[in-house]
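These are the residues of each chain, in order.
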Amino acid sequence: MTPEWIEIGRGLCYAGAGLAFGLAGAGSAYGIAIASHAAAGVMREKPELFGRMLVMVALPGTQGFYGFIAAILIMTQTGLIGGGSLKITLGTGIALFFIGLGDGIAQLMSAIKQGEASAAGISLIARRPESAGRAILFPAFVETYAVVALLATILFIIFLTQPSIIQQAVR
Amino acid sequence: MTTLTTSLLPPSLKNRPEWGFVCGRISALEGKLLSKEFYPSIIEMHHTEDIFQHLQGTFIEDYLGPGIPWEDFSAVADRCFYDLAVSIREDSPSPVPANLFLIRNDYLNIKYALSRMEGVPFLPGTISEHIIYSVLDRDYGDLPAPFRERITGPAMDLDELDETASDVFVDGAYLRHMLDLAAQIDSPLIQVCVLELVVGHTVSALWRVLRQGRDLKSIVDYMMPLGEENSLVFELSDMPDPAVWPDIIGGEIGDLFSRALQMPYDEQISTFELKVTNLVLHMATYARFETSGPERVFDFLMALEAEMQNLKLVVTGKINRIDADVLGARLRYVGG
């Protein structure tokens, strides 16, 4: 394998890392904005509900961290952070690119939808503050699939970047 | 026959994040809307002091100072609705849903000015007081397009109209304005509700004219044009017997008209108007399935307006010693 192909492979996996945290961060920002609008409206009438609103608004923020974790893992496993860089093959680069992209899309969508679910929960709390415990459950279900996407991403990254696998492919 | 909407099926709703703030506020306000059980309990009360105590914690609480006479309760309720509607309009990305309720006062002020009476008795929604005063000087140039264009289009001399024709003319402009506003906002639910209100208002206005012994054909032109409802208006004006109107109107409103005809003669029109309002109130509750959007604003203001009308009815009814059964039958629909 020529150095040019290895460079392309490395470039693709870092592009995947960029997409993983970029899309996830954008989704979290959008989801938090959706929930914040609703929470601010509720607090105009009931400022005493600030504490309960804060939890609901913060929920869609987790996806941004999940994307960040995926990106950091790609960077450490491929040697960009910590040195000892691996020779990434073109195939591994393409695979990591799409893993980063897939994770980013999953985090983006779940963050936006969690923001909408949080806004619905905020409406419920505004009407019935005693329902805060139940209102948090529905957006939490949306979180499940963000966590599943992150776990799948972590497993793929770890196994794809096993030195033995890459060396075998390079030979 | 008018093509009425499929009122039993909920129109599509989509969440719009830009409406999140005002809808969050509405979620908090909805908790203060009165329940169905509230009104019968007021009707059963014997002392005004008890009613005053019972109204604590409601929207109207802040407007009921110690010195406010009960005779002014209707004005207090109107002011309460107006203030909240204006405040919600300020918080909304589009003023349209709130204006659908606020323009009614504007057209009542125009009617008042056209009858050459000084003053602006109703709280102005979108038309300022100085524009209303200019109507007294026969200057209609700053009035809304649905009113102004009807004068500048086909020749129309408002000064030559009698009171009934003038009222019908203003009613027509008001209904056109409602349809124009509904067309400005991308919301099938609001458009369906406004269309039902317009059909109901058109039918009741024509019915009242008919009760005055007037020839509908000679007066119906003042109400036009009403878009898709033009053919309905012409068909009704061709039939001076209301007994055949349910078939012409068709749909849910036709059924309501048919049921209203079974009431005593003096209660027919008011019963029909109440049933149409209740139908739209019920339809608007579909908005509660969405988190944020203009439909939530429309639904809340419909419910708030119904609450104020119900409070006016039961409180002034109690003061005037009107029978509890009569008051109960006149209450507007209260959603769950």
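Residues numbered from 1 in each chain as written. Chains lettered and ligands numbered in written order. Predicted model: local features only at pLDDT ≥ 70, side-chain atom pairs only at ≥ 80, totals over all residues. Heavy atoms only, no water.

## Looking at the overall build of chain B
To keep it simple, the criterion reads: Each helix is a run of DSSP H or I of at least 4 residues and each strand a run of E of at least 2, with the numbering of both proceeding from the N terminus. For a compact globule the rule gives 2.2 Å times the number of residues to the power 0.38, and the radius of gyration it is set against comes from C-alpha atoms. In this description, contact between two residues means that some pair of their heavy atoms is separated by no more than 4.5 Å. Areas reported here follow the Shrake-Rupley algorithm with a probe of radius 1.4 Å; residue values treat only the protein chains shown as occluding. Working convention for charge: Lys and Arg count positive, Asp and Glu count negative, and His plus the chain ends are omitted. The atom standing in for a charge is NZ when the residue is Lys, CZ when it is Arg, CG when it is Asp and CD when it is Glu.
Scanning chain B from terminus to terminus reveals 16 helices and zero strands. Here the C-alpha atoms of chain B give a radius of gyration of 20 Å, agreeing with the 20 Å that 2.2 N^0.38 yields for 336 residues. The principal-axis extents of the C-alpha atoms in chain B amount to approximately 55 × 45 × 45 Å. Counted over contacts in chain B with a minimum sequence separation of 6, partners at least 24 positions apart contribute 65%. For chain B, the exposed area adds up to about 14,700 Å²; of that, 51% sits on carbon and sulfur atoms. One way to put it: in chain B the 27 positive side-chain charges average out to a point 2 Å from where the 51 negative ones average out.

## Focus on the pattern of salt bridges
Rule in force here: Each salt bridge in this description consists of a side-chain nitrogen of Lys or Arg and a carboxyl oxygen of Asp or Glu lying within 4 Å of one another. Only protein chains enter the calculation, and the probe is 1.4 Å; a residue is then buried if its accessible area is under 20% of its type maximum, exposed if over 50%, and partly exposed in between.
Considering all chains together, one arrives at 17 salt bridges over all chains under this definition. Note that Arg44 of chain A is salt-bridged to Asp91 of chain B, the shortest N-O span being 3.1 Å. Taken as a pair, Arg44 of chain A in helix 1 (residues 3-45) and Asp91 of chain B in helix 4 (residues 73-91) lie in two separate chains rather than in one. We classify Arg44 of chain A as partly exposed; its relative accessible area is 41%. For Arg127 of chain A, the salt bridge goes to Glu30 of chain B, with nearest N and O atoms at 2.8 Å. Note that Arg127 of chain A is positioned in helix 4 (residues 90-127) and Glu30 of chain B in helix 1 (residues 20-30), a pairing that runs across two chains. Given a relative accessible area of 10%, Glu30 of chain B falls into the buried group. Beyond isolated ion pairs, a larger network of salt bridges with shared partners links Arg44 and Glu45 of chain A together with Arg25 and Asp91 of chain B.

## A word on the side chain of Arg25 of chain B
The following threshold applies: N or O atoms closer than or at 3.5 Å make up a polar contact, with two conditions inside protein: a donor-capable atom paired with an acceptor-capable one, and, for residues adjacent in sequence, both atoms drawn from side chains.
Here Arg25 of chain B shows up in helix 1. Here Ser87 of chain B takes part through its side chain, which lies 2.8 Å from a polar atom of the side chain of Arg25 of chain B.

## Quick word on a negative patch on the surface
For the record, the criterion: In this scheme, patches are assembled from residues that exceed 30% relative accessible area and form no salt bridge. Like charges are connected within 9 Å, while nonpolar side chains (Val, Leu, Ile, Met, Phe, Trp, Tyr) are connected within 5 Å.
Taken together, the side chains of Glu118, Asp137, Asp139 and Asp142 of chain B present a region of like negative charge at the surface. On the secondary structure map, Glu118 of chain B appears in the loop between helix 5 (96-114) and helix 6 (129-136).

## Quick notes on the confidence of the model for chain B
When pLDDT is low, close inspection of the predicted coordinates is not appropriate. Quick reminder of the rule: The pLDDT value expresses, per residue, how confident the predictor is, ranging between 0 and 100.
On average, residues of chain B score 85 in pLDDT, and 94% of them are at 70 or above. Across residues 1-8 of chain B, where pLDDT falls below 50, the model places 24 contacts with residues more than four positions away in sequence or in other chains.

## Comments concerning the interface of chain A and chain B
Note the threshold: When two parts are put together, the accessible area they lose, computed with a 1.4 Å probe and summed over both, is reported as buried area. Note that Gly is not counted as nonpolar here; it falls among the polar residues with everything else outside the nonpolar set of Ala, Val, Leu, Ile, Met, Phe, Trp, Tyr, Cys and Pro and the charged set of Asp, Glu, Lys and Arg.
Contact residues are listed per partner, giving 16 residues for chain A and 13 residues for chain B. Buried area between chain A and chain B, both sides added, is near 1,300 Å², and the carbon and sulfur share of it is 59%. Area buried by chain A at its contact with chain B is led by Arg44, Glu45 and Arg127 of chain A, which between them contribute 40% of it. Along the contact surface separating chain A from chain B lie five residue pairs in polar contact (both at pLDDT 80 or more). Elements represented by at least two residues in the side of chain A that touches chain B include exactly helix 1 and helix 4 of chain A. Ranked by the residues each element gives to the side of chain A that touches chain B, the list is headed by helix 1 of chain A, at nine residues. Class assignment of the residues belonging to the side of chain A that touches chain B gives a composition of eight nonpolar, three polar and five charged.

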